[in-house]
Amino acid sequence: MIVTVASFKGGVGKTTSALHLAAYFQDKAPTLLVDGDLNRSALDWASRGNLPFKVVDEKQAVKFAREYEHIIIDTPARPSPDELKIIASGCDLLVLPTSPDALALGATLQMVEALHCLKTNYKILLTLIPPHPNKTGEEAKNAIAKVELPMFSTGIRRLAVFQKAALEGVPVNQVKGDSYAGIAWRCYFEVGKEILP
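Residues numbered from 1 in each chain as written. Predicted model: local features only at pLDDT ≥ 70, side-chain atom pairs only at ≥ 80, totals over all residues. Heavy atoms only, no water.

Peer 1: Any chance you could break down the UniProt feature "domain: SRP54-type proteins GTP-binding" (unreviewed entry) in the protein for me, citing the residues and the numbers?
Peer 2: The feature "domain: SRP54-type proteins GTP-binding" (unreviewed entry), as given by UniProt, occupies residues 3-142 in the numbering adopted here. The annotated region residues 3-142 carries 42% helix and 20% strand content, and the separation between its end C-alpha atoms amounts to 25 Å. (UniProt positions renumbered as here; feature names shortened; annotations may be inferred. Helix = DSSP H or I, 4+ residues; strand = E, 2+ residues; numbered from the N terminus.)

Structure below.
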């Protein structure tokens, strides 16, 4: 399966989502994470520690792709219409992460509009959901549901343990000594189950 993670806005957890979906898929079968983002954030994350799957840039992807059953692709933020067309046609599922703030949701709706004529399989992933009593996450989920767009039933909570994972170069489920590591992993585990049970 090829899953591509894309967004019209930076800072919405695109690389974090790609990396943790790769960790979930790796538990099912050999998985390759392709870092197509200009910042090379996934490769940077991998260089800090030990990820349970291989990470390569898009130039190396062709060489390694045939060795893996699943491929997760992290894309550059704000793809052009032509790039979006290529991204959308080259995967089985397009995951669109968005934080619940108005600017990110607006960018996601623009992307959905651009995808409309491409007839692609996509799903919106709500990320960086603030803790209660803040209701922004619930309001965003309701707004997306109201316009009847495909959305993961599980969202990703805003937790500091994701930054720890990036600094240590591991998926969040391998962070030691943080009680939120399991909670954070459960979010992505549930999302992964919605894609590949």
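Peer 1: Which residues make up the pairing of strand β5 (residues 93-98), and what values do they have?
Peer 2: In terms of residue burial, β5 counts as a mostly covered element, since six of its six residues are buried. By the bridge criterion, three bridges tie strand β1 (residues 2-5) to β5 in an arrangement that is parallel. Across the sheet, residue T4 finds its bridge partner in β5, namely L94. In this sheet, strand β6 (residues 122-126) lies alongside β5 in parallel orientation, the contact comprising five bridges. The partner of V95 across the bridge, within β6, is K123. Between the parallel pair β5 and β6, the chain is carried across by helix α5 (residues 102-116), and the sense of this crossover is right-handed. (Buried < 20%, exposed > 50% of the residue type's maximum accessible area, 1.4 Å probe, protein only. Pairing = 2+ DSSP bridges. Right-handed = clockwise from strand over helix to strand, strands pointing away.)

Peer 1: Would you mind going over the pattern of salt bridges in detail, with residue names and values included?
Peer 2: The tally for this structure, following the rule as stated, stands at nine salt bridges. Of the charged contacts, one joins R40 and E58 as a salt bridge, the two residues approaching to 3.1 Å between their closest N and O atoms. Taken together, the residues span a long stretch of sequence, with R40 in the loop between β2 (31-35) and α2 (41-47) and E58 in helix α3 (residues 58-65) at a distance of 18 residues. Across the pair K164 and D178 runs a salt bridge, and its minimum N-O distance is 2.6 Å. Residue K164 is located in helix α7 (residues 161-168), and its partner D178 is located in the loop between α7 and α8 (181-195); the two are separated by 14 residues in the primary sequence. According to the relative accessible area criterion, D178 is buried, its value standing at 17%. Where salt bridges share partners, they join K14, D37 and D74 into one cluster. (Salt bridge = Lys/Arg side-chain N within 4 Å of Asp/Glu carboxyl O.)

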